[in-house]
Amino acid sequence: MALTDILFALINGAATGSAVFLVAAGLTLIFGILKILNFAHGAFFMIGAYVAYSIIGSNPSSLHVFIAAAFAAAAAVAALGFVADRLVLRRLRHVDEAYMLIATFAVLLVCTGVVKLIWGVNYASINPPPLLDGAVTAGSLFVPSYSLFVIAAGLFVFLGLELVIHRTWIGKLLQAVASDSWMSGVLGINVPAALTVTVIASFALAGLAGGLLLANQTLSPILGESYLLLAFMAVIIGGLGNVRGAFIASLLLGTIESGSSLVIPNMPGMATYIFVILFLLAKPQGLIGGRHI
Amino acid sequence: MLSVDRIDAFYGDSQILHGVSLTVGEKERVAVVGRNGAGKSTLFKSILNAGPRVRGRIAWEGKDLGAMPTFRRARLGLSLVPEDRRIFDHVTVLENIAMARYAARPGVELEAPEAVLARFPMLVPLKDRMGGRLSGGQQQMVAVARAIAGRPRLMLLDEPTEGLAPVIVEQLARDVNTVCRETGSGLLLSEQNLWFARQCTDRLFLIDTGRIVFDGLWQDLDDNPDLKRRYLAL
Ligand SMILES: Nc1ncnc2c1ncn2[C@@H]1O[C@H](COP(=O)(O)OP(=O)(O)O)[C@@H](O)[C@H]1O
Ligand SMILES: [Mg+2]
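Residues numbered from 1 in each chain as written. Chains lettered and ligands numbered in written order. Predicted model: local features only at pLDDT ≥ 70, side-chain atom pairs only at ≥ 80, totals over all residues. Heavy atoms only, no water.

- Taking an unreviewed UniProt entry as the reference, chain B is identified by name as Branched-chain amino acid ABC transporter ATP-binding protein belonging to Prosthecodimorpha hirschii.
- UniProt, in the comment section headed Sequence similarities (unreviewed entry), describes chain B in these words: "Belongs to the ABC transporter superfamily." (UniProt positions renumbered as here; feature names shortened; annotations may be inferred.)

- The name an unreviewed UniProt entry gives chain A is Amino acid ABC transporter permease, with Prosthecodimorpha hirschii as the organism.
- What UniProt records for chain A under Subcellular location (unreviewed entry) is the sentence "Cell membrane".
- As stated in UniProt under Sequence similarities (unreviewed entry), the record for chain A gives "Belongs to the binding-protein-dependent transport system permease family. LivHM subfamily."

Structure, rendered in C-alpha cells:
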C-alpha cells in the first residue's frame with residue numbers, strides 16, 4: 001500500500017464524510033430541537049436533488065448555475081417543510097413519539113410516490129459543472145475536483161451552523177428551546193414558532209444537500225435511501241442532536257468507509273457497521289451527549 | 001387582576017387540586033403556604049397552563065384565559081419563577097435576563113438587562129458568568145431578575161428559599177420587596193418558610209392536599225395557632 005493510496009483514501013473519506021454530513025445536518029438539527037427522528041428526511045433530500053436537476057439538466061452550464069440551483073432546491077424544500085409542519089408535524093407535537101415515527105415514515109412513502117409521478121422512475125445521471133469535472137493531481141495522487149467541492153460544501157454548512165447556533169441570538173434562543181422548551185414558554189418565547197423555524201431550516205438543509213450532491217449520482221427515486229442510513233448513524237454517534245458531534249461522526253464514518261474499501265474491498269459497509277455497534281456499546285450517549293444542539 | 005375560580009387540576013388521572021379559588025389584586029402581595037406535596041407548584045403551573053390539565057376558570061383582568069398557551073400568558077404579564085429555577089446553562093447571566101424580553105407587553109418599554117441586573121447587587125459581578133456555573137443562591141437571584149426583566153404585572157415565585165443559606169434568604173427578601181415596590185409588580189409567593197413569606201406579603205392562603213383551608217391576614221393566622229399545628233406541622 002503506497003502513501004498515495006492512503007492519502008487518496010483519506011481525501012475520499014473526507015469527501016464521503018462531508019456528503020454524509022450535508023445530509024445529517026438537517027436531521028440532527030430537527031432531532032436536537034424537536035426530538036423527532038425524521039424518516040422523511042431522505043425523501044426531501046431526494047426532492048431537492050430532483051428540483052435542482054429540473055433546473056440544470058444533465059449538463060450544468062457553470063459552477064454558478066450549479067450552486068444557484070442547489071439554493072433554489074433548498075428554498076423549494078423549505079417551503080415543503082412549512083407545509084409538512086402545518087399538515088403533519090405540528091399536529092403530533094403532543095402525542096407519543098411512536099406516532100411521529102409512523103407519520104414521518106408515511107410522509108417518506110408519499111414523497112417517494114410523488115417523485116415517481118412527477119419525474120418518473122427512470123435513472124438520470126448528472127455531470128459536475130465545468131471547473132469541477134476534472135481532477136487535481138499531485139505526483140501520482142489523483143483527486144476529483146468535485147470531491148474537493150463536496151468537502152468545501154460540508155465545511156461551509158458546518159461552520160455556518162456553528163456560527164448561527166453559538167454566536168447569534170437566534171441560535172441561543174433555539175438552544176434555549178432545545179434544552180428547556182418548558183421554561184422558554186414560561187418566559188414568553190413563542191415556542192411553536194421556534195419549532196416551525198427549525199423544521200423549515202432542517203428541510204432547507206435537506207434540499208441544499210440534494211442540490212450540492214447531485215453530480216456524479218444516479219438520480220432515481222431510491223436516492224433518498226443511499227445516504228440516509230449513514231446520516232442516521234452519524235446523528236446517533238454524534239450524540240443525537242449535536243451538530244458538532246454529527247460533523248465529527250460523519251468524517252469518522254466516511255473515513256472508515258473509504259479506508260475499508262482499500263483494505264477489505266469485497267465487503268463494502270461491513271467495517272462501518274462493526275464500528276457503529278462497538279462504538280455504541282462503549283459510548284451509548286454518543287460523542288457529544290447532553291441537551292445541547 | 002388574577003382570579004382563579006374553583007379550579008381542579010390533574011396529572012394524568014390523578015386529581016391534585018380540588019376546587020381551588022383565589023384572587024390577587026393589582027400590586028398585591030399574597031402568599032400560598034402549605035407542606036410539601038400540598039399542590040402549590042401545581043397551582044402555579046395551572047395558572048400559566050404549563051403542565052397540569054385544568055378544569056375551571058382562570059381569569060386575568062376579568063377575561064377567561066381558556067386554553068391560551070403558556071407563552072401568551074407570559075406576555076400578559078404573568079411571570080413564573082419555578083422552584084427548580086431553570087437557568088439556561090448555555091448563555092451568560094446577562095443573556096439569561098435578556099431571554100425575558102419576549103414576555104414584554106405591547107407598548108411597555110423594558111429596562112436594559114444591565115439595569116435589571118443592577119437591582120440585584122449580588123449579581124453585578126456575575127454578569128458574564130455562564131448560567132451553568134452558579135451556586136443555588138445565585139441561580140435564585142438570576143431567576144428573580146429574569147422574571148422581573150419582562151416587567152410583569154404579577155410575579156409567581158415558587159418556593160424561592162428552598163435550599164438557600166439564611167443570609168441569602170434575608171438578602172432575597174430585601175431584593176424581592178424592593179423590586180416589587182419599584183417595578184409595581186404584584187407577587188404570588190409559594191413558601192414553607194413563614195418568616196420569608198411574612199416579610200414579602202400582606203396576606204396568605206393556606207393550602208393542604210389540593211384544597212384551600214384558610215385565607216386571611218398573617219395576623220389571623222397568628223390568632224389560630226391550631227391551623228399552624230394542623231397544616232404546617234409546626
Ligand atoms: N408531574 C407530575 N406528575 C404526577 N404527579 C405530580 C407531578 N407533579 C406533582 N405531582 C403530585 O402532585 C402533588 C402536589 O405536588 P406539588 O404541586 O409539587 O406540591 P408542592 O409544590 O406544594 O410541594 C404531589 O402529590 C405530587 O406527587
Ligand atoms: Mg412545589
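Here the narrative resumes, following the displayed structure.
### What about helix α10 (residues 243-263) of chain A?
What sets the pattern is the α-helix's 3.6 residues per turn: residues three or four places apart point alike.
Residue and element names in this part refer to chain A.
Phase 1 of the analysis: The end-to-end C-alpha distance of α10, which contains 21 residues, comes to 30 Å, matching closely the 30 Å that a straight helix rising 1.5 Å per residue would cover.
Phase 2 of the analysis: By the burial criterion, the buried members of α10 are Val243, Gly245, Ala246, Phe247, Ala249, Ser250, Leu253, Gly254, Ser258 and Ser260.
Phase 3 of the analysis: Buried positions along α10 lie against α1 (3-34), α5 (145-167), α9 (223-238) and α11 (270-282).
Phase 4 of the analysis: A side-chain oxygen of the first residue of α10 lies 3.1 Å from the backbone nitrogen of Arg244; this N-cap is Asn242. (Helix = DSSP H or I, 4+ residues; strand = E, 2+ residues; numbered from the N terminus. Expected span 1.5 Å × (residues − 1). Buried < 20%, exposed > 50% of the residue type's maximum accessible area, 1.4 Å probe, protein only. Contact = heavy atoms within 4.5 Å. Polar contact = N/O pair within 3.5 Å; in protein donor to acceptor, adjacent residues only side chain to side chain.)

### Description of the coordination of the magnesium ion (ligand 2)
Six octahedral donors around a metal ideally make angles of 90 or 180 degrees; four tetrahedral donors ideally make 109.5 degrees.
Phase 1 of the analysis: For the magnesium ion (ligand 2), the full set of protein donor atoms is Ser41 of chain B (OG) and Glu83 of chain B (OE), at a range of 2.1 to 2.5 Å. With Ser41 of chain B in helix α1 (residues 40-48) and Glu83 of chain B in the loop between β6 (78-81) and α3 (93-98), this pair connects stretches of sequence that are 42 residues apart. (Donors = N, O, S within 2.8 Å, 3.2 Å for Na, K, Ca; no water.)

### Concerning the confidence of the model for chain B
Close inspection of predicted coordinates is inappropriate in any region flagged by low pLDDT.
Phase 1 of the analysis: Averaged over all residues, the pLDDT of chain B is 93; the fraction at 70 or higher stands at 100%.
Phase 2 of the analysis: Across the predicted assembly, pTM comes out at 0.88 and ipTM at 0.93. (pLDDT = per-residue confidence, 0-100.)

### Looking at the interface of chain A and chain B
A common measure of how large an interface is: the accessible area buried when the components associate.
Phase 1 of the analysis: Chain A puts 20 residues into the contact, and the matching count from chain B is 22 residues.
Phase 2 of the analysis: Of all residues in chain A, Trp169, Trp182 and Leu187 of chain A give up the largest surface area on contact with chain B, accounting jointly for 36% of the area buried on that side.
Phase 3 of the analysis: Where chain A touches chain B, the interface holds two salt bridges.
Phase 4 of the analysis: Residue Asp180 of chain A is joined to Arg86 of chain B by a salt bridge in which the shortest nitrogen-to-oxygen separation is 2.8 Å.
Phase 5 of the analysis: There are six residue pairs in polar contact (both at pLDDT 80 or more) connecting chain A and chain B. (Buried area = accessible area lost by both parts, 1.4 Å probe. Salt bridge = Lys/Arg side-chain N within 4 Å of Asp/Glu carboxyl O.)

### A few points about the environment of Phe142 of chain A
Phase 1 of the analysis: Looking at the element boundaries, Phe142 of chain A is found in strand β3 (residues 141-144).
Phase 2 of the analysis: The spatial distance from the C-alpha of Phe142 of chain A to the C-alpha of Leu7 of chain A is 9.8 Å, given a sequence separation of 135 residues.

### Details of the packing of aromatic side chains
Residue and element names in this part refer to chain A.
Phase 1 of the analysis: Evaluation of the coordinates by the stated rule reveals twelve aromatic pairs over all chains.
Phase 2 of the analysis: Centroid distance Phe39 to Phe105: 6.0 Å. Interplanar angle 80°. Geometry classified as edge-to-face. With a gap of 66 residues between them, Phe39 in the loop between α1 and α2 (41-56) and Phe105 in helix α4 (residues 97-119) connect regions that are remote in the sequence.
Phase 3 of the analysis: Judged by relative accessible area, which is 42%, Phe105 ranks as partly exposed. (Phe/Tyr/Trp six-rings, centres within 6.5 Å; stacked < 30°, edge-to-face > 60°.)

### With respect to the sheet that holds β6 of chain B
Residues and elements named next belong to chain B.
Phase 1 of the analysis: As summarised here, the arrangement of the six strands in space is β6-β7-β8-β3-β9-β10, forming an open sheet in which the pairing is mixed. The sheet is open, and its two borders are formed by β6 and β10 (211-217), each paired with just one other strand. Across the sheet, the mean angle from the axis of one strand to that of its neighbour is 15°, orientation sign disregarded.
Phase 2 of the analysis: Judged from the four bridges that link them, strand β3 (residues 29-33) and strand β9 (residues 203-208) form a sheet pairing that is parallel. By the bridge assignment, Val30 is partnered in β9 with Arg203.
Phase 3 of the analysis: Across the sheet, helix α6 (residues 166-183) lies against β3, β7 (154-158) and β8 (186-191), angled at about 140° from β3, the strand it touches most. (Pairing = 2+ DSSP bridges. Axes fitted to C-alpha atoms, helices over the stretch in contact; angles between N-to-C directions.)

### Quick notes on the site of ligand 1
All names here are of chain B.
Phase 1 of the analysis: The environment of ligand 1 is formed by Tyr11, Ile16, Arg35, Asn36, Gly37, Ala38, Gly39, Lys40, Ser41 and Thr42.
Phase 2 of the analysis: Residue Ala38 places a main-chain N or O atom 3.2 Å away from an oxygen atom belonging to ligand 1.
Phase 3 of the analysis: A distance of 2.9 Å separates an oxygen atom of ligand 1 from a polar atom in the backbone of Gly39.
Phase 4 of the analysis: Contact with the protein chains covers 58% of the free accessible surface of ligand 1, which is 560 Å².
Phase 5 of the analysis: Here the element with the most residues in the shell around ligand 1 is α1; it accounts for three residues.
Phase 6 of the analysis: Across the shell around ligand 1, the residue classes break down as three nonpolar, five polar and two charged. (Near = heavy atom within 4 Å. Areas by Shrake-Rupley, 256 points an atom, 1.4 Å probe, with all protein chains shown as cover. Nonpolar A, V, L, I, M, F, W, Y, C, P; charged D, E, K, R; others polar.)

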